[in-house]
Amino acid sequence: MSLTRLDLVQNEIASWTVDQIVLRLAVVATPLVAISAAFAGASSWSPWLLLLVLVGAVDCATQIESNLGLLMILLLAWHWGVTVDDLRTPWTLVAALALALFHTAMAAAASVPSAGQWSAAMRIRWLRRFGVVATLTLASWLAQVALAGSRLTGSGLLLFVALVAMTATALLLRAGALSRH
Amino acid sequence: MTPWRRQRDGSLLPQSGWQPTIAHLRASATGVILAIAAVLVRRPDLLVIATPVLVIAVWSNWLRPVRDPSAADHLAHHTVREGEATTWRVTVSDVRKDIPPDGGTIAGTIAGRIAGTIAGRIEGTSLRASGAAEVVTAILAAPPFSTLEPATGVVSSVVDNGDVQLTISVRSTRWGRRLIGPARVVATSAWAAFRWTAGSEPPRTVTTLPLPSVFDSSSPAVHPVGLVGLSRSARPGDGSEFASVRPFQSGDRLRRIHWPRSMRTGTLHVTSTWSDQDSHVVIVVDAFNDLGESEGIDGQASSLDITVRAAGAIAEHHLRRGDRVAVHVLGARGVVRVPTATGSAHLRRVLDTLATIEPGTDVRDHGGLQLGLAEGALVVMLSPLISPLALQRAFALATRGLTVVVVDTLPSGIVEDDQTDPFHGVAWRIRLLERHRELRRIQQAGVPVVQWRGPGSLDQVLRDLHRHASRPRMARR
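The sections below set out a description of the structure shown in this document. (Residues numbered from 1 in each chain as written. Chains lettered and ligands numbered in written order. Predicted model: local features only at pLDDT ≥ 70, side-chain atom pairs only at ≥ 80, totals over all residues.)

Glancing now at the overall build of chain B. Helices and strands together make up the secondary structure of chain B, namely nine helices and 23 strands. Burial analysis of chain B (477 residues in total) assigns 42% to the buried set. Taking contacts inside chain B between residues at least 6 apart in sequence as the whole, the part at least 24 apart equals 71%. (Helix = DSSP H or I, 4+ residues; strand = E, 2+ residues; numbered from the N terminus. Buried ≥ 20, exposed ≤ 12 C-beta atoms within 10 Å, placed from the backbone. Contact = placed C-beta atoms within 7 Å.)

Moving on to the environment of A134(A). Residues and elements named next belong to chain A. Structurally, A134 is set in helix α6 (residues 120-148). Each C-alpha atom of the pair A134 and A29 lies 18 Å from the other, and the pair is 105 residues apart in sequence. When near neighbours in sequence (up to four residues on either side) are disregarded, A134 contacts L97 and A100.

Residues and elements named next belong to chain B. Judged by pairing direction, the sheet is antiparallel, and its four strands sit side by side in the order β4-β6-β10-β8 without closing on themselves. At either end of the open sheet lies a strand with only one pairing partner, and these are β4 (70-75) and β8 (146-149). Taken pair by pair, the neighbouring strands of this sheet meet at an average axis angle of 20 degrees, ignoring direction. Alignment of β4 against strand β6 (residues 85-93), held across six bridges, turns out to be antiparallel. By the bridge assignment for β6, L75 is matched with W88. (Pairing = 2+ DSSP bridges. Axes fitted to C-alpha atoms, helices over the stretch in contact; angles between N-to-C directions.)

Moving on, we come to the packing of helix α5 (residues 91-111) of chain A against α6(A). All names here are of chain A. Close contact between α5 and α6 brings their axes to 10 Å; oriented N to C, the two are set at 155 degrees. On the basis of their axis angle, the class for α5 and α6 is roughly antiparallel. As for the relative orientation of α5 and α6, their crossing is right-handed in sense. Here α5 contributes T92, L93, A96, L97, A100, T104 and A108 to the contact with α6, which in turn contributes W126, F130, V133, A134, T137, L138 and W141. Taken together, the residues of the contact of α5 with α6 sort by class into eleven nonpolar, three polar and no charged. (Parallel < 35°, antiparallel > 145°, perpendicular 65-115°, else oblique. Left-handed = near helix turned anticlockwise from the far one by under 90°. Nonpolar A, V, L, I, M, F, W, Y, C, P; charged D, E, K, R; others polar.)

Moving on to the packing of helix α4 (residues 68-83) of chain A against helix α2 (residues 44-62) of chain B. What describes two packed helices is the angle between their axes and the distance between those same axes. At their nearest, the axes of α4(A) and α2(B) sit 10 Å apart, and the two run at 160 degrees to each other. The orientation of α4(A) with respect to α2(B), classified from their angle, is roughly antiparallel. Like other packed secondary-structure pairs, α4(A) and α2(B) cross with a definite hand, here right-handed. Residues I73(A), A77(A), W80(A) and G81(A) of α4(A) touch α2(B), and the partners they reach there are L46(B), I49(B) and V53(B). A class-by-class count of the residues in the contact of α4(A) with α2(B) yields six nonpolar, one polar and no charged.

Moving on, we come to the nonpolar core. Counting 96 residues, the largest nonpolar core has V27(A), A95(A), L99(A), M106(A) and I49(B) as its most contacted members. For I49(B), the residues in contact, after removing those within four places along its chain, are A77(A), W80(A), T92(A), A95(A), A96(A), L99(A) and L34(B). By size, the runner-up hydrophobic cluster in this structure holds 56 residues, among which are L378(B), A390(B), A394(B) and V405(B). (Core = buried A, V, L, I, M, F, W, Y, C linked by C-beta atoms within 7 Å.)

The next point concerns the pairing of strand β7 (residues 135-139) of chain B. All names here are of chain B. β7 sits mainly inside the fold: four of its five residues count as buried. Sheet analysis places β7 next to strand β9 (residues 154-158), joined by five bridges and oriented antiparallel. Residue T137 lies in a different strand from β9, and its bridge partner there is S156. Bridge count between β7 and strand β12 (residues 184-188): five bridges; the pairing is antiparallel. Residue A138 lies in a different strand from β12, and its bridge partner there is V185.

Here the focus is the interface of chain A and chain B. Contact with chain A, which involves 53 residues of that partner, is made by 49 residues of chain B. Taken together, the elements giving at least two residues each to the side of chain A that touches chain B come down to α4, α5, α6 and α7 (156-177) of chain A. The element contributing the most residues to the side of chain A that touches chain B is α6(A), with twelve residues. Residues that form the side of chain A that touches chain B fall into these classes: 32 nonpolar, 17 polar and four charged.

Moving on to unusual backbone geometry. Of note, the bond from E149(B) into P150(B) is cis; its omega dihedral lies within 30 degrees of zero at 5 degrees. In the Ramachandran plot, S43(A) falls in the positive-phi region, its phi being about 60 degrees despite a non-glycine side chain. Note that S43(A) resides in the loop between α2 (18-42) and α3 (47-62). A positive phi angle, near 55 degrees, is found at R42(B), a position not held by glycine. Here R42(B) shows up in the loop between α1 (22-40) and α2.

All names here are of chain B. By the secondary structure assignment, G153 is in the loop between β8 and β9. Looking at G153, the number of C-beta atoms within 10 Å reads 22, which means it is buried. Sequence-wise, G153 and A183 are 30 residues apart; in three dimensions their C-alpha atoms are separated by 9.5 Å. Ignoring anything within four residues of it in the chain, the contact list for G153 reads I139, L140, A141, A142, L148 and I168.

Residues and elements named next belong to chain A. Between the first and last C-alpha of α2 there are 36 Å, a value that for 25 residues agrees with the 36 Å anticipated at 1.5 Å per step. The elements touched by buried residues of α2 are α3, α4 and α5. Immediately beyond the C-terminal end of α2, within one or two residues, lies S43, with a positive phi of roughly 60 degrees. (Expected span 1.5 Å × (residues − 1).)

So, in structure tokens, the structure goes:
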């Protein structure tokens, strides 16, 4: 059974175009960049976690339509949260952009069959959009760095408003994503 | 037509076949989870990490298409020759410019246009009332004996101005009738967040006509008995082939007068010609089996490839000479015969019939062939001469007094040893020895057998038959 799957994977890889190869390499590389940023931010590293991320990234690259990508992002974010304490470290921006690129590469690779050719217009459109997202991420990081130095006191009202906003966003996404039939 | 759905507030929205993708689920779930976690544990850096995926999720949702595109595919040509290509084309019409029919609320339309304006500016494209199909991909599997361009059968294009056309070239490399499709047409929205798949269209049928081999024959017709045609008859008459210069007789046309001879001799002489007549040619195709590997027009030919292309070539040659041609197919269900006729339209009919042959679909022995032939017809049987039925039919026709020529279309190299089956070569050699004995017997019975070699294959045997045509023949009736 595993041999059959291996054959399928080999056939799949053989049909990849140059664009797909670049995207799959990005899918493999970006989680490694994100975990490396976390290691750099925490000044410590774990080879087992690095290996786990590598295996997961390779699996994501070969099975682009799997839900493993979601788990990978959550794993990397969780690891960041529990190991990195410095809120002003620039590695935050590196990790955020790496995860954004990871998601974008997986989405782009799934948008066209592995044997399909990408046109210049498609490349430009995806790059332009990623540029917008990267700019917004940079802006949010700058805002976070600025706020981290301002010694804001905790506010129950602010927390409540933030939670309401997050819940509203979640409901909005859920309502929009489900079928409208 | 786009079906419409009434919302709770009474406004109408078209129903959509767009479905969220794994990518959208990933962006939405991770974005919301990380943002809530960032707020709960008071970690703004987690909010920075969540920002890009959250932005992508909201952006994707904002540009979610609300109406289904429409897709229609068609083939440029339904009939091609071997080696020729046709194009399969799908047109996907984006309906972003649609507005709701009567019943849509004005407020909803205005709100949609404002949102669309903002979205359009961010996208850097034209204003849009909602998101729409952004990339359309068509996937077409290659039918047997066909090559596609692009070779993968996958084409993608960005939807820019409403409609997009995707084209895949399909080159047919072997005669026959085969289905193209069904193709899969998929559209994705911005950020590949939503996907729409077109309903499967029924596959299209393409008929590939055999490309007749190169064939020519300079031999005279064996029994020219018809009234038209280019074959020279044994009788003088009004034709194009010179016979002699003879003294003028009553009834001769004035334009036939040979003036130089008349001036020299002092009496009128005319140029006489042989009359042109046509012959009746019946092509019998043995489709009991297809031996050897067929690689299409560009590669190795199977026995049926040789048979069908040779039949097309012989039919084309005789029809161009004005002869009457009929085709009978043995061993194929559905296709039995093409009645006798002449002309270029008949050639197309013959090729159409040859293209529909499916070998070995009717191996029953129907007894003797009921060809309904008149005396003087030339029967050309094309066969690899492996099935004894074909030889029996040829022998039966010959014993009825008909002129029969058997053309051997067995491809060379068929007895090569098979590495996986050591008895394959031995079995073939035994069968070929038996075949050799059968051929010797049928030749002794007066049926000539010639190997198909293209131009001139039939010259010698037809010349011999023409020479012996006037001899008395023994026939069993």
